[in-house]
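# Structural description and commentary
What follows is each chain in one-letter form.
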Amino acid sequence: MDKNQLGIKHMQEGQLEEAAKMFQEAIEEHPNDPVPYINFGNLLSAVNELDKAIRFYNRAIEIDGNSATAYYGAGNAYYNLEQYEKAVEMYRGAVEKGLDEGDAYFMLGMTYYHLGELHYALPHLQRAVEKNNQDIDAKFQFGLCLAQLEQIDEAKKQFQWVVEHDPKHADAYFNLGVVYIYQEQPENALAFFNKALEIQPDHLLAGNGKKKVEELLNH
């Protein structure tokens, strides 16, 4: 087992100092290998040393400009720092360099979503769902994006799928309630707000929605 593999093993076992030592030694022994820099970046990200992590990812990219996982790691670090423009740049780099995976498209979609660029977010979230059609988070966020772009029927399908596969997903029930308000079916909306509150009694949005629908029905 080489030092990178040993370092990863230490990381998985929560032995972070030992992992750092292994990655550092791997870098000293192979300074032109991007892999230990990426691994060290992942370790630093795991302990929320995000600015330092980015330096290691950038060094990996300097060594190998086609290192998709280095771009992806840097994208995650920038995303967690809420530096979304830089995150987009890195996630796009990861995809362009061949990281054709659901997680990469999901994170790219989420980054565009945070930037308010919903028309860019939508196709990437859709691609994430296509890549992994059992991903509950991707389906839910795809539904939210569809709803905000007023593609209500398609959004409804996503939320329905989510609650079928995760019956405790309070936010999906809430959003189904919103869909039914939009479709002028207040009784159905109330049922879904109640379901959200049954799962999560402190769900403020569902509580507010329930109150407004009850006022509407009482009048």
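Note that the structure is predicted; figures quoted are calculated from it, not measured.

### With respect to the UniProt feature "repeat: TPR" (unreviewed entry) in the protein chain
Taken from the UniProt record, the annotation "repeat: TPR" (unreviewed entry) applies to residues 4-33, 34-67, 68-101, 102-135, 136-169 and 170-203. Between the C-alpha atoms that bound residues 4-33 there is a distance of 11 Å. The span itself is 77% helix and 0% strand.

### A few points about the packing of aromatic side chains
This model, assessed by the stated rule, comprises ten aromatic pairs. Where phenylalanine 23 meets phenylalanine 40, the ring centres are 6.3 Å apart and the plane angle is 50°; that geometry is what we call tilted. Placement of the pair is phenylalanine 23 in helix H2 (residues 16-29) and phenylalanine 40 in helix H3 (residues 34-46), with a sequence separation of 17 residues. Its relative accessible area of 0% is what places phenylalanine 23 among the buried residues. An aromatic cluster is present here, built from Phe23, Tyr37, Phe40 and Phe56 joined pairwise through their rings. When the ring centre of tyrosine 37 is taken as origin, the NZ or CZ atom of arginine 59, which lies over that ring, is 5.8 Å away.

### Re helix H5 (residues 68-80)
When the terminal C-alpha atoms of H5 are compared, their 19 Å separation across 13 residues agrees well with the 18 Å that a helix rising 1.5 Å per residue should span. Of all the 13 residues making up H5, ten are buried; the element is thus mostly covered by neighbouring parts of the structure. The inward-facing, buried residues of H5 abut H3, helix H4 (50-63), helix H6 (84-96) and helix H7 (102-114). Following H5 by one or two positions, glutamate 82 has its phi on the positive side, about 65°.

### Digging into the confidence of the model for the protein chain
Residues shown with low pLDDT carry predicted positions that ought not to be read at fine detail. Across the protein chain, the average pLDDT comes to 96, with 100% of residues at or above 70. Mean pLDDT across the elements of the protein chain ranges from a minimum in helix H1 (residues 3-12), with 91, to a maximum in H5, with 98.

### Section: the environment of arginine 59
Turning to its location among the elements, arginine 59 is positioned in helix H4. In this structure arginine 59 comes out as partly exposed when scored by relative accessible area, which is 30%. Measuring from C-alpha to C-alpha, the distance between arginine 59 and proline 34 comes to 7.5 Å, with 25 residues separating the pair along the chain. Excluding residues that lie within four positions of it along the chain, arginine 59 makes contacts with Pro31, Asn32 and Tyr37.

About the cut-offs
- Residues numbered from 1 in each chain as written.
- Predicted model: local features only at pLDDT ≥ 70, side-chain atom pairs only at ≥ 80, totals over all residues.
- Heavy atoms only, no water.
- UniProt positions renumbered as here; feature names shortened; annotations may be inferred.
- Helix = DSSP H or I, 4+ residues; strand = E, 2+ residues; numbered from the N terminus.
- Phe/Tyr/Trp six-rings, centres within 6.5 Å; stacked < 30°, edge-to-face > 60°.
- Buried < 20%, exposed > 50% of the residue type's maximum accessible area, 1.4 Å probe, protein only.
- Lys NZ or Arg CZ within 6 Å of the ring centre and 35° of its normal.
- Expected span 1.5 Å × (residues − 1).
- Contact = heavy atoms within 4.5 Å.
- pLDDT = per-residue confidence, 0-100.

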